[in-house]
Each structure stands twice: as C-alpha cells, then as structure tokens.
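Summary of structural features
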Protein chains: 2
Amino acid sequence: MNIKKIDHQSILRLLEEKGISPSFQRIKILEYLFLNRTHPSVEDIYKDLSSELLTLSKTTVYNTLKLFVEKNIVKAIGIEKDFVRYDIDISPHSHFKCIKCGKIYDLKINEEKDNNIDEGFKKVYSEKYIYGICKNCK
Amino acid sequence: MNIKKIDHQSILRLLEEKGISPSFQRIKILEYLFLNRTHPSVEDIYKDLSSELLTLSKTTVYNTLKLFVEKNIVKAIGIEKDFVRYDIDISPHSHFKCIKCGKIYDLKINEEKDNNIDEGFKKVYSEKYIYGICKNCK
DNA sequence: TTTAAAGTTGTAATAATTACAAAGTTGTAA
DNA sequence: TTACAACTTTGTAATTATTACAACTTTAAA
C-alpha cells in the first residue's frame, strides 16, 4: 500500500534521539506508524499488530502513543468525535476528512498569518480540520 | 456577567423559525446559551439549570443540543479532548483555548483563502482550534 | 374527552480512555 | 553469574461522556 519505507536503523535512531528505550513493542508501533500513513487509531494499531505481537495489550498501545506524543514523535489528531487518531507526520499541516468514506487526507497549510490572536495571547499549537466530500466520493 | 440580553420573544421566534416546538426545557436551554457565552458543556448546562428545572434530565440536555445542532441553531465545538462544548454563535470564527486557565476565547477568522484543498474536493465545514496562553495567564 | 404524537425522564448500555497492581524484562554493580 | 532496582508490559477494573431505550408525561388535534 504505502511506498514509503523506513529502515530499522532509522527507527532505532529516532527513539535514541528522543531518549526512549527501544522495546520491541515501541519499535513495532513506531514502524507501524511509518508504514501506515492513514492516521490510525489505537484500535487500528492494536488490531493490526496483534497478529504479530500475540500478547500485545491495548494499554501498551495507549502508553506508547502517549509517550510518543509527549516526546513529539507523533501528533494526536482530534478530527473524530469519539476517538483519537495519530499522525507520524508532525510537520505543520491540516487535515481533511471525507464525511462519506471517512478517509483522512493531509493538507498543506496555507501559510496563513496566524489568525487574529489578540496581543498578549501566546499561541502554542493549533489544529485545523476540514470536513467535506473527497474526490473519490463525488 | 454577560451583558448581551435576549428576550423571550426572540427565543420563541428563533425556535419557531426552525420548526422546533418551544417546550419549557428547550426555551430554558436556548436562553442559557444566549446568556452564557462561555461555550458550555452538557454538564455545565445541566448543573446550572437543574436548580430551576428540578426534574431536568441530562438526556434532555443531550437531546436538545443534538436537535439544536441539526437545526443549525448552535455549533458543537470539539476543542476539548473528552467532551463537547456548544456555541450559540454559529457565524464563522475559530477558538482559542488557554492551556493554563482553560478558558475558551472566540477568534475572528482571518478570511484565509480556504487552504489548499485539491480540486475535486468539496469543503462542507471546517474548524480551527488554537491552544496557548491567554492574556490573563501570562 | 379521547387519543396519538411529541417530549421528557431515568436507567442501562456502550465505548474510549485511564488507573492500577502484578508479572516480566533489562541493565548494572557486586 | 547473581541480585536488585528501574523500567516495561499486561490484564482487569474504574471512569466518563454519550447513546439507547422504554416508561411516563405533556400537548394538540379530533
């Protein structure tokens, strides 16, 4: 499906850089995120990795993603009403959700001069979600 | 607290316009939203109205807000991780959340030429959330 | 007044996430 | 190698927002 490959060494280097000890589970979850650029949920990751990691626990997936978000390796995406998606691409961009097929698309951000934030307010981060109909569903 | 007043007649007219029969609960909830421009949650509304509407049920608050959202009287705001806020102001604007005090501020939108949505994609609606530190908390 | 539809209520079910304690793993110092 | 502490994983239970649903109440029309 996804062409982009990531080698084991890069995974290890990334974890190392961020001061995260490279457990088998963490490596596998991070690798999964690199190979599946679909903004997967905990459920997705858990289901897909379970066949390989027979004893994987959902709690581990939650713990690991929490850690990755804290260490700024992945970004949590609040585009869904009732669960969180995760994005391995932490560069500034926004998301489009097709309200028909449910697919999430990445959107380049339009270097907007960041809104009318009043003086005295300090932006830390922001998120933009666009909902609509995608090309395939029209 | 909030200066903006709304009279009973306007509330009734608005419900009428949208084809919503004006039950006591609906009137009170809508009035609450007009008087409390704080992007309240179901919990907020339920707690605050309970003293006046002794038998109010949380389900009624959920039902009513669902109806209001469908009829385009209020907008659901997904700025929080684990509950929904509601905004009586349905005009296009974005939201700022102070990560220190938790307060939500309205932001005028910077008539951005709506992002780089690829041709063939059709936007239906969008949301922008900015997180940071507000004036009072610096 | 009768009756059906609409609205409200309380409780139970659902589902994502977190809390927590027990079990397993790893690395290091003796 | 052994002992031990720190870290990691796991499974279960708790939490919490929201939805489902059925019973009850209100409303409005005939």
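Just above sits the structure.
Residues numbered from 1 in each chain as written. Chains lettered and ligands numbered in written order. Predicted model: local features only at pLDDT ≥ 70, side-chain atom pairs only at ≥ 80, totals over all residues. Heavy atoms only, no water.

The next subject is the protein's contact with DNA strand D. Among the 16 residues in the neighbourhood of DNA strand D, the closest are listed as Ser21, Ser23, Arg26, Thr55 and Thr60 of chain A. For DNA strand D, the fraction of atoms within 4 Å of the protein that belong to sugar or phosphate moieties is 75%. In this structure, a base nitrogen belonging to DNA strand D sits 3.4 Å away from a side-chain N or O atom of Thr59 of chain B. Tyr62 of chain B places a side-chain nitrogen or oxygen 2.8 Å from a phosphate oxygen of DNA strand D. Those elements giving two or more residues to the surface near DNA strand D turn out to be helix 2 (24-35) and helix 4 (58-70) of chain A together with helix 4 (58-70) of chain B. With three residues, helix 4 of chain A is the largest single contributor of residues to the surface near DNA strand D. (Near = heavy atom within 4 Å. Polar contact = N/O pair within 3.5 Å; in protein donor to acceptor, adjacent residues only side chain to side chain. Helix = DSSP H or I, 4+ residues; strand = E, 2+ residues; numbered from the N terminus.)

Before going further, it helps to examine the protein's contact with DNA strand C. Lining the immediate surroundings of DNA strand C are 16 residues, of which Tyr62 of chain A together with Ser21, Ser23, Arg26 and Thr60 of chain B lie closest. Within the side chain of Ser23 of chain B, a nitrogen or oxygen atom sits 2.4 Å from a phosphate oxygen of DNA strand C. Thr60 of chain B places a polar side-chain atom, nitrogen or oxygen, 2.7 Å from a phosphate oxygen of DNA strand C. Residue assignment for the surface near DNA strand C shows that the elements contributing at least two residues are helix 4 of chain A together with helix 2 (24-35) and helix 4 of chain B. When residues in the surface near DNA strand C are grouped by element, the largest group, three residues, is from helix 4 of chain B.

What follows concerns the packing of aromatic side chains. Any aromatic ring pair is given by two values, namely how distant the centres are and how the planes are angled relative to each other. Taken as a whole and assessed by the stated rule, the structure comprises nine aromatic pairs over all chains. For the ring pair Phe121 of chain A and Phe96 of chain B, a centre distance of 5.2 Å and an interplane angle of 75 degrees mean the geometry is edge-to-face. Taken together, the positions of Phe121 of chain A in the loop between strand 4 (104-108) and strand 5 (122-133) and Phe96 of chain B in strand 3 (residues 93-98) put the pair across two chains. On the basis of relative accessibility, which here comes to 0%, the residue Phe96 of chain B falls in the buried class. Taking the centre distance of 4.8 Å and the plane angle of 85 degrees together, the rings of Phe121 of chain A and Tyr105 of chain B count as edge-to-face. With Phe121 of chain A in the loop between strand 4 and strand 5 and Tyr105 of chain B in strand 4 (residues 104-108), this residue pair bridges two chains. Neither Phe121 of chain A nor Tyr105 of chain B differs from the other in exposure class; each is buried. One aromatic cluster in this structure is built from Phe96 and Tyr105 of chain A together with Phe121 of chain B. (Phe/Tyr/Trp six-rings, centres within 6.5 Å; stacked < 30°, edge-to-face > 60°. Buried < 20%, exposed > 50% of the residue type's maximum accessible area, 1.4 Å probe, protein only.)

Now for the packing of helix 2 of chain A against helix 3 (residues 42-50) of chain A. Residues and elements named next belong to chain A. With their axes 11 Å apart at the nearest point, helix 2 and helix 3 run at an angle of 110 degrees to one another. Between helix 2 and helix 3, the angle falls in the class roughly perpendicular. Handedness of the helix 2/helix 3 crossing: right-handed. Contacts between helix 2 and helix 3 involve Lys28, Ile29, Tyr32 and Leu33 on the former and, on the latter, Asp44, Ile45, Asp48 and Leu49. Residues belonging to the contact of helix 2 with helix 3 are distributed by class as follows: five nonpolar, no polar and three charged. (Axes fitted to C-alpha atoms, helices over the stretch in contact; angles between N-to-C directions. Parallel < 35°, antiparallel > 145°, perpendicular 65-115°, else oblique. Left-handed = near helix turned anticlockwise from the far one by under 90°. Contact = heavy atoms within 4.5 Å. Nonpolar A, V, L, I, M, F, W, Y, C, P; charged D, E, K, R; others polar.)

This paragraph deals with the environment of Lys122 of chain A. As for its placement among the helices and strands, Lys122 of chain A is situated in strand 5. Ignoring anything within four residues of it in the chain, the contact list for Lys122 of chain A reads Phe96, Tyr131, Gly132, Ile133 and Lys138 of chain B.

Taken residue by residue, the interface counts 32 residues in chain B and 32 residues in chain A. Together chain B and chain A conceal approximately 3100 Å² of surface at their shared face, both sides included; 56% is due to carbon and sulfur atoms. Put simply, chain B and chain A have zero salt bridges between them. Across the chain B-chain A interface, the total number found is eight residue pairs in polar contact (both at pLDDT 80 or more). The element best represented in the side of chain B that touches chain A is strand 5 (residues 122-133) of chain B, accounting for twelve residues. A breakdown of the residues in the side of chain B that touches chain A according to their chemical character gives 14 nonpolar, seven polar and eleven charged. (Buried area = accessible area lost by both parts, 1.4 Å probe. Salt bridge = Lys/Arg side-chain N within 4 Å of Asp/Glu carboxyl O.)

Let us now look at the nonpolar core. In a soluble, globular protein the nonpolar side chains are often hidden away together inside. Ranked by size, the top nonpolar core spans 24 residues in total, and within it Leu30, Leu33, Phe68 and Ile73 of chain A carry the most contacts. Those elements giving two or more residues to this core turn out to be helix 1 (8-17), helix 2, helix 3 and helix 4 of chain A. Top element by residues in this core is helix 2 of chain A. It accounts for six residues. In this structure, Leu33 of chain A is in contact with Pro40, Ile45, Leu65, Phe68, Val74, Tyr86 and Ile88 of chain A, ignoring residues within four places of it in sequence. The next biggest cluster of nonpolar side chains, apart from the first, holds 23 residues, and it includes Ile20, Leu33, Phe34 and Val74 of chain B. (Core = buried A, V, L, I, M, F, W, Y, C linked by side-chain atoms within 4.5 Å.)

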